[in-house]
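Here are the chains, one letter per residue:
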Amino acid sequence: MRKLSDAIDRFCLNHPRFGIPGLMRYVVIITAAVFFLDAFSKNAASTILAFDAEAILSGEVWRLLTWIFIPEYDRVIWMVVGLFFYYFIGTAIEEYWGSAKFTLFYLSGVVLTVAFAFLSRLWTPWTVVTNSYLNNILFLAFATLYPDALIRLYFVLPIKAKWLAVLYVFLTFYDIVRMDTYAVKLLLPSLLPGLVAVWLVYAVFFWDRIRDVLADIGFLTRHKRSQQTVHFKSAVRQQKKKEAQRGYRHKCAVCGRTDADFPDLEFRYCSRCAGYHCFCQDHIFNHVHFTE
């Protein structure tokens, strides 16, 4: 799991143009459009866009993606609040991670949810696939990255995001435990794929933090990271802070060209140099290695 998490960081660092900048803006706009179409068509829009395994297998392949745009609420006020909230936390996560990692995080949840939904057909004839678990894990990611951010519950009571995240986790497992035998047999097999999918994505992207928490409470032995890994993750955090100040992501240590001035130019980081040094495609194999 740790290697997969590190691989994701390296992929996003080496492919900064991967992803959809402002992804949540598009999700929110399309969801709002579907909400208003439902209001004038008696939910016909959601019916056409909702996940339906049988319909997908019959050729309606758009349902593999369009289910993420189905509105969670049926009242305008709660719809506006919900969309604004998820736009806010999605944008905050993207600013922290960058477009590449945030897009990979969101799309991984979508892909795994769909994959698990089809897999669940082996033991249940129908599966419930909604964007509620996807949105909830989005909030959990926000609370992990911004634990002390204040969220005003019902616009009044200020609560730190980390405590709301703890409450969400507790209520999720409590709802599963308190289900009676009939509900477990009927509902759990159909709901579980979506829950497992998004939690698996969260575990991969936040593995280091999860392991540290489990080590603190005695469930795991604290993993001693190699000096190279520690240096890499520290450098990634420092790099993101510098990017926001400089206005560019990559700058060649030899010629000084940046990705902002030359967007079609490829940049790479040299593993043989001491420190964290970037080079353009013309100098990645043609430079003097840094030793200090």
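Reference entry: report on the structure contained in this document. (Residues numbered from 1 in each chain as written. Predicted model: local features only at pLDDT ≥ 70, side-chain atom pairs only at ≥ 80, totals over all residues. Heavy atoms only, no water.)

This part takes up empty space enclosed by the protein. Using the criterion set out here, one finds two cavities of 30 Å³ or more in the structure. Its boundaries defined by the atoms lining it, the largest cavity holds a volume of some 130 Å³. Taken together, 16 residues form the lining of the largest cavity, with Thr31, Leu83, Tyr86, Asn131 and Asn135 sitting closest to its centre. For the lining of the largest cavity, the elements supplying multiple residues, two or more each, are helix 2 (23-41) and helix 6 (76-97). In the lining of the largest cavity, the residues fall into 11 nonpolar, four polar and one charged. (1 Å grid on protein atoms, 1.4 Å probe; cavity = no way out; pocket = protein on both sides within 12 Å on 5 of 7 lines; lining within 4 Å. Points joined across faces, edges and corners; volume = space filled by probe spheres on them. Helix = DSSP H or I, 4+ residues; strand = E, 2+ residues; numbered from the N terminus. Nonpolar A, V, L, I, M, F, W, Y, C, P; charged D, E, K, R; others polar.)

With that settled, consider the packing of aromatic side chains. Throughout the structure, instances matching the rule amount to 18 aromatic pairs. Look at Phe35 and Phe36: their rings are 5.5 Å apart centre to centre, the planes differ by 80 degrees, and that puts the pair in the edge-to-face class. Taking the relative accessible area as the measure of exposure, Phe35 reaches 10% and is therefore buried. Clustering of aromatic rings is evident, with ring pairs tying together Trp97, Phe105, Tyr168, Trp199, Tyr202, Phe205 and Phe206. The ring of Tyr26 carries the charged tip of Arg25 above its face, separated from the ring centre by 5.2 Å. Across the ring face of Phe262, the terminal group of Arg257 is positioned such that the distance to the ring centre comes to 5.6 Å. (Phe/Tyr/Trp six-rings, centres within 6.5 Å; stacked < 30°, edge-to-face > 60°. Buried < 20%, exposed > 50% of the residue type's maximum accessible area, 1.4 Å probe, protein only. Lys NZ or Arg CZ within 6 Å of the ring centre and 35° of its normal.)

Glancing now at the pattern of salt bridges. Should their charged atoms come close, side chains of opposite charge can pair. In this structure the tally under the stated criterion is five salt bridges. Across the pair Glu60 and Arg63 runs a salt bridge whose closest N-O atoms are separated by 2.6 Å. A relative accessible area of 9% means that Arg63 is categorised as buried. Counted as one network, the salt bridges with shared partners bring together Asp148, Lys160 and Lys162. (Salt bridge = Lys/Arg side-chain N within 4 Å of Asp/Glu carboxyl O.)

On to helix 6. Helix length check: helix 6 (22 residues) gives 31 Å between terminal C-alpha atoms against 32 Å at 1.5 Å per residue, within 8%. The complete set of buried residues in helix 6 reads Met79, Gly82, Leu83, Tyr86, Ile89, Gly90, Ala92, Ile93, Glu94 and Trp97. (Expected span 1.5 Å × (residues − 1).)

Along the chain, Tyr87 turns up in helix 6. Along the chain, Tyr87 and Tyr26 lie 61 residues apart, while their C-alpha atoms are 9.5 Å from each other.

Here the focus is the nonpolar core. Within the largest apolar cluster, 51 residues are counted, with the highest numbers of intra-cluster contacts made by Phe105, Tyr106, Leu138 and Phe205. When residues in this core are grouped by element, the largest group, nine residues, is from helix 8 (residues 132-145). Formed by 11 residues, the second largest nonpolar core is a distinct cluster that contains Leu13, Cys252, Phe267 and Ile284. (Core = buried A, V, L, I, M, F, W, Y, C linked by side-chain atoms within 4.5 Å.)

Right, let's talk about the packing of helix 2 against helix 7 (residues 99-119) for a bit. Where helix 2 contacts helix 7, the two axes come as close as 10 Å, and the packing angle between them is 45 degrees. Considering their axes alone, helix 2 and helix 7 lie oblique with respect to each other. Between helix 2 and helix 7, the residues in contact are Leu23, Met24 and Val27 and Phe102, Thr103 and Tyr106, respectively. Class assignment of the residues belonging to the contact of helix 2 with helix 7 gives a composition of five nonpolar, one polar and no charged. (Axes fitted to C-alpha atoms, helices over the stretch in contact; angles between N-to-C directions. Parallel < 35°, antiparallel > 145°, perpendicular 65-115°, else oblique. Contact = heavy atoms within 4.5 Å.)

A positive phi is found at Lys42, a non-glycine position, where the angle reads about 55 degrees. Mapped onto the secondary structure, Lys42 falls in the loop between helix 2 and helix 3 (44-49). Non-glycine residue Asn43 carries a positive phi angle of around 65 degrees. Mapping Asn43 onto the fold places it in the loop between helix 2 and helix 3.

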